[in-house]
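Each chain, letter by letter, is given below.
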Amino acid sequence: MEGRKHGTSDKNLFSGDPSASHYMVLAVLRAFIRSSRSLRLSTLPFSHSTSPSTSILRNMHNVVFVLGPPGSGKGTICAKIQENLGYVHLSAGDLLRAERQREGSEFGALIEQHIRNGSIVPVEITCALLENAMNNSGDAKGFLVDGFPRNEDNLQGWNKQMTGKALVQFVLFLSCPVPICIQRCLNRGQGRTDDNEESLKKRVETYNRQTFPIIEHFEKNGLVREVKSERSVEEIYADVVEVFNQAAKV
Ligand SMILES: Nc1ncnc2c1ncn2[C@@H]1O[C@H](COP(=O)(O)OP(=O)(O)O)[C@@H](O)[C@H]1O
Ligand SMILES: Nc1ccn([C@H]2C[C@H](O)[C@@H](COP(=O)(O)OP(=O)(O)O)O2)c(=O)n1
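Residues numbered from 1 in each chain as written. Chains lettered and ligands numbered in written order. Predicted model: local features only at pLDDT ≥ 70, side-chain atom pairs only at ≥ 80, totals over all residues. Heavy atoms only, no water.

- Where an unreviewed UniProt entry is consulted, the chain appears under the name UMP-CMP kinase, with the organism given as Caenorhabditis nigoni.
- The Function (unreviewed entry) field of the UniProt record for the chain holds the comment "Catalyzes the phosphorylation of pyrimidine nucleoside monophosphates at the expense of ATP. Plays an important role in de novo pyrimidine nucleotide biosynthesis. Has preference for UMP and CMP as phosphate acceptors."
- The Sequence similarities (unreviewed entry) field of the UniProt record for the chain holds the comment "Belongs to the adenylate kinase family. UMP-CMP kinase subfamily." (UniProt positions renumbered as here; feature names shortened; annotations may be inferred.)

And the structure:
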């Protein structure tokens, strides 16, 4: 049997069988590649971005972070990108809401408390949900990670958990005046427990105090692609496609 021919039994390894020495060389080679790869990846700064083909070669998830104020249209635009450009949309907010609803979840009450308060759930929960979703999505060209990282804790947690497993291509920043965003959330009509004036006030405060500095951090690293999202979905999407086309050329 093929498996036995290339097996690791002593007999095979020391018998002088050419297939056995071939096996040893391969094993050593693989170990070398593994160690040099992890060395290289562990020295990469977080801001490192690369083309999809490079990340596929390295067996890593390709990621685009999608950020913007609540109601700026992140979910709407991500749905269109997923439909047309082959990226898988992962909304941190949707994953947290699903976990909140999951029977037996030990985090349901904590998540609900943060969502109503407009504060940010600890990254250990959110990052685990994102990583699981990525690992369960099969062979995706890339992932749109929507609504993450939203504060310093999210960013640090991602770096800790995902370095060597994911490469961030760029950050799609949907910018939109806050009063328009608030109105959109109030009209959203999805029955969300946080689409009310009181929660929205806190969410906007969290965005200004915690999320915007993260966007500025990415901006300094040359990773931000801003698209103004006060316009019609069609106009926004046309610019977004251009951003993805440019990224594919790098
Ligand atoms: N460009 C747009 N113009 C008008 N309404 C929009 C636009 N984009 C999204 N919306 C609407 O605004 C609300 C919030 O959009 P959504 O995509 O859920 O935002 P986010 O994910 O950023 O919170 C939804 O009801 C959506 O249908
Ligand atoms: N990284 C994240 C993303 C969302 N959350 C929580 C807190 C947010 O106010 C809610 C809703 O986020 P979601 O991205 O779905 O919605 P908005 O962009 O605020 O409209 O989920 C979080 O704690 N951490």
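Now that the structure is up, let's keep going.
**Focus: the UniProt feature "binding site: ATP" (unreviewed entry) in the chain**
- UniProt feature "binding site: ATP" (unreviewed entry): in the numbering of this structure it lies at Gly71, Ser72, Gly73, Lys74, Gly75, Thr76, Arg188 and Arg231.
- Inspection of the secondary structure puts serine 72 in the loop between strand S1 (61–67) and helix H5 (74–85).
- The contact partners of serine 72, leaving out residues within four places of it in the chain, are Leu174, Cys176, Cys181, Arg184 and Ser229.
- Take arginine 231: it is sitting in the loop between strand S5 (224–228) and helix H12 (233–249).
- The contacts of arginine 231, once residues within four sequence positions are left out, are Arg184, Ile236 and Asp239.
- A polar atom in the side chain of arginine 231 sits 3.0 Å from the backbone oxygen of lysine 228. (Helix = DSSP H or I, 4+ residues; strand = E, 2+ residues; numbered from the N terminus. Contact = heavy atoms within 4.5 Å. Polar contact = N/O pair within 3.5 Å; in protein donor to acceptor, adjacent residues only side chain to side chain.)

**Considering the UniProt feature "binding site: CMP" (unreviewed entry) in the chain**
- UniProt annotation of "binding site: CMP" (unreviewed entry) refers to Asn154 when read in the numbering used here.
- Structurally, asparagine 154 is set in helix H9 (residues 152–162).
- Not counting residues up to four positions away in its chain, the partners in contact with asparagine 154 are Ile120, Val121, Val123, Phe148 and Pro149.
- One polar contact links the side chain of asparagine 154 to the main-chain amide nitrogen of arginine 150, over a distance of 2.9 Å.

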